[in-house]
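Chains, contacts and geometry: an overview
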Amino acid sequence: MASKGLVAGRLALVTGAGSGIGRAACQVLSREGATVVAADKNYDAALETIKKHIALASGYSDAGEHSAMEVDVSEPKSVQNLLQAILAEYKVPPKIVVNSAGVTRDNWLLKLSQEDYDSVMNVNLKGTFLIMQTFAKAMTESSIQGSIINISSIVGKYGNIGQTNYSASKAGVVAMTQSAAKELGKFNIRVNAIMPGFIDTPIIKTVPDKVKEQLLKLVPLGRLGDPTEIAEVITFLSSDKSSFINGASIDVTGGY
Ligand code: NAP
């Protein structure tokens, strides 16, 4: 493990690590010295994060101590398997857990199917719950003082057209973060959320250009965010630099 950096020598689990913000989080956490477990429903994409975006980008030919693992965060058994796989590989649970797996299934309220409502809730809210519960329990059993970072969204605060399911799931993530922080503080496990604005990743490819143009007019910085700009905040919240921040939800929106 690297001996220098904000999170040097720490083991970090990142879900949704095969794309966008999760992939950027893996890059910045490893740059700052963490050993990264990149977990995603899409194993090949998680492996690409490790091989191409971490190892090759830093000039190494192999993945070193980093690893890619498969998980469906909405499935309790899959989350348990992930924990067991990490314990088998590293002997200890991660000290940093980043919940970045997320999906959208946008539609007008009047047209939204129950299936699309459920799938968004199952990944974004239940998935965050399952990962937090499983890994916080493992941290307490190993007396690890950890940091959990949940990726909510600014639409969890203000709502958004076409996203009644998604915005509700993300508001739920904020409330869940606050409650978990109150429960886990006594174990010195901090839990915080980030509320990103509009970030340039594949998830927003489904937003119609017209809607994107309207939204950008409301961003004082006048542009989409880069996933790395969220990853830097994730890394700060993972590190001792944020040691008294707990139960917070931080807007990272360019001012939206
Ligand atoms: P992204 O590029 O689509 O990445 C999300 C990743 O999560 C994908 O690799 C996806 O795999 C994976 N995933 C989906 N369902 C999963 C499951 N059940 N188990 C494990 N992994 C799963 O999106 P992103 O922009 O990086 O989003 C990351 C987080 O930030 C999400 O929670 C999102 O809601 C939140 N966020 C994003 C924005 C934004 O503007 N980009 C703004 C606010 C909040 P597949 O591709 O195979 O589905």
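Bear in mind that the values here come from a model prediction, so they are computed numbers and not experimental data. Starting from 1, residues in each chain are numbered consecutively following that chain's sequence as written. Local features in a predicted model are, by the rule used here, given only for residues with pLDDT of at least 70; side-chain atom pairs are given and counted only at 80 or more, and totals for whole chains, interfaces and linings are based on all residues. For side-chain calculations, the full set of non-hydrogen atoms in the structure is used, while hydrogens and water are omitted.

1. Let's talk about the packing of aromatic side chains
The following threshold applies: Two rings from Phe, Tyr or Trp (for Trp, the six-membered ring) form a pair when their centres are within 6.5 Å of each other. A pair whose planes differ by under 30 degrees is stacked, one over 60 is edge-to-face, and the rest are tilted. Helix and strand definitions here come from DSSP, where helices need a minimum of 4 consecutive H or I residues and strands a minimum of 2 consecutive E residues; each element is numbered from the N-terminal end. Classification of residues uses two cut-offs on accessible area relative to the type maximum, computed with a 1.4 Å probe and protein chains only: under 20% is buried, over 50% is exposed, and between them is partly exposed.
Here the structure, examined in full by the defined rule, presents 2 aromatic pairs. Seen from their ring centres, Tyr-158 and Tyr-256 are 6.1 Å apart, and the 70° between their planes marks the pair as edge-to-face. Of this pair, Tyr-158 sits in helix H5 (residues 155–158) while Tyr-256 sits in the segment after strand S7 (249–252), placing them 98 residues apart in sequence. Tyr-256 sits in the buried class, given a relative accessible area of 19%. Note on Phe-198 and Tyr-256: the rings are 5.2 Å apart at their centroids and 90° apart in plane angle, and the pair reads as edge-to-face. Placement of the pair is Phe-198 in the loop between strand S6 (190–196) and helix H7 (209–217) and Tyr-256 in the segment after S7, with a sequence separation of 58 residues. Across the pair, exposure class does not vary: Phe-198 and Tyr-256 are buried alike.

2. Notes on the sheet that holds strand S4 (residues 96–99)
Rule in force here: Only when DSSP finds a minimum of two bridges between them are two strands counted as paired. Fitted lines through C-alpha atoms serve as axes, helices being fitted only where they are in contact, and the angles separating the N-to-C directions of these axes extend from 0 to 180 degrees. Residue contacts are counted whenever heavy atoms from the two residues lie within 4.5 Å of one another.
The sheet built from 7 strands is open, its strands ordered S3-S2-S1-S4-S5-S6-S7 with parallel pairing. Both outer strands of the open sheet, strand S3 (67–70) and S7, are each paired with one neighbouring strand and no more. Between one strand and the next, the sheet's axes are offset by a mean angle of 20°, whatever the strand orientation. As paired elements, strand S2 (residues 35–40) and S3 share 4 bridges and run parallel to each other. Counted as the bridge partner of Asp-40 is Glu-70 from S3. Sheet strands touched by helix H2 (residues 43–55): S2 and S3. Its angle to S3, the strand with the most contacts, is close to 170°.

3. Side note on the pattern of salt bridges
Operational definition: Only one rule defines a salt bridge in this text: a Lys or Arg side-chain nitrogen within 4 Å of an Asp or Glu carboxyl oxygen.
Counted under the stated rule, the structure contains 9 salt bridges. Note that Asp-240 and Arg-10 form a salt bridge whose closest N and O atoms lie 2.9 Å from each other. Taken as a pair, Asp-240 in the loop between helix H8 (227–238) and S7 and Arg-10 in the segment before strand S1 (11–15) lie far apart in primary sequence, 230 residues in all. Classification of Asp-240 as exposed rests on a relative accessible area of 54%. Residue Lys-212 is joined to Asp-209 by a salt bridge in which the shortest nitrogen-to-oxygen separation is 3.9 Å. Separated by 3 residues within a single helix, Lys-212 and Asp-209 lie in helix H7, roughly one turn from each other. Through salt bridges that share partners, Arg-31, Glu-32 and Glu-232 make up one connected network.

4. Re the site of the ligand
The cut-off we apply is this: Residue proximity to a molecule or strand is established when one non-hydrogen atom of the residue lies within 4 Å of it. Between N or O atoms, a polar contact is any pair within 3.5 Å; within protein, one atom must be a potential hydrogen donor and the other a potential acceptor, and residues adjacent in sequence are included only when both atoms are from side chains. Every accessible area reported is derived by Shrake-Rupley at a probe size of 1.4 Å, with residue values counting cover from the shown protein chains alone. Gly counts as polar in this scheme, as do all residues outside two lists: the nonpolar Ala, Val, Leu, Ile, Met, Phe, Trp, Tyr, Cys and Pro, and the charged Asp, Glu, Lys and Arg.
Inspection of the region around the ligand gives 28 residues, with Ser-19, Ile-21, Asp-40, Tyr-166 and Thr-201 positioned closest. Asp-72 has a polar side-chain atom sitting 2.8 Å from a nitrogen atom of the ligand. One of the backbone nitrogen or oxygen atoms of Gly-197 is found 3.4 Å away from an oxygen atom of the ligand. Within the complex, the protein chains bury 89% of what would otherwise be the 880 Å² of accessible surface of the ligand. Elements supplying a minimum of two residues to the shell around the ligand: helix H1 (20–31) and helix H6 (164–184). Its residues placed into classes, the shell around the ligand shows 14 nonpolar, 10 polar and 4 charged.

5. Notes on the packing of helix H4 (residues 114–141) against H6
Note the threshold: These descriptions rest on fixed angle ranges, namely under 35 degrees for roughly parallel, over 145 for roughly antiparallel, 65 to 115 for roughly perpendicular, and the rest for oblique. A clockwise turn of the near helix away from the far one marks a right-handed crossing, whereas an anticlockwise turn of less than a right angle marks a left-handed crossing.
With their axes 9 Å apart at the nearest point, H4 and H6 run at an angle of 15° to one another. Accordingly, the angle class assigned to the pair H4 and H6 is roughly parallel. Crossing of H4 against H6: the hand is right-handed. Every residue of H6 that contacts H4 at Asp-116, Tyr-117, Val-120, Met-121, Asn-124, Leu-125, Thr-128, Phe-129, Met-132 and Ala-136 is listed here: Asn-165, Tyr-166, Ala-168, Ser-169, Lys-170, Gly-172, Val-173, Met-176, Ala-180 and Leu-184.

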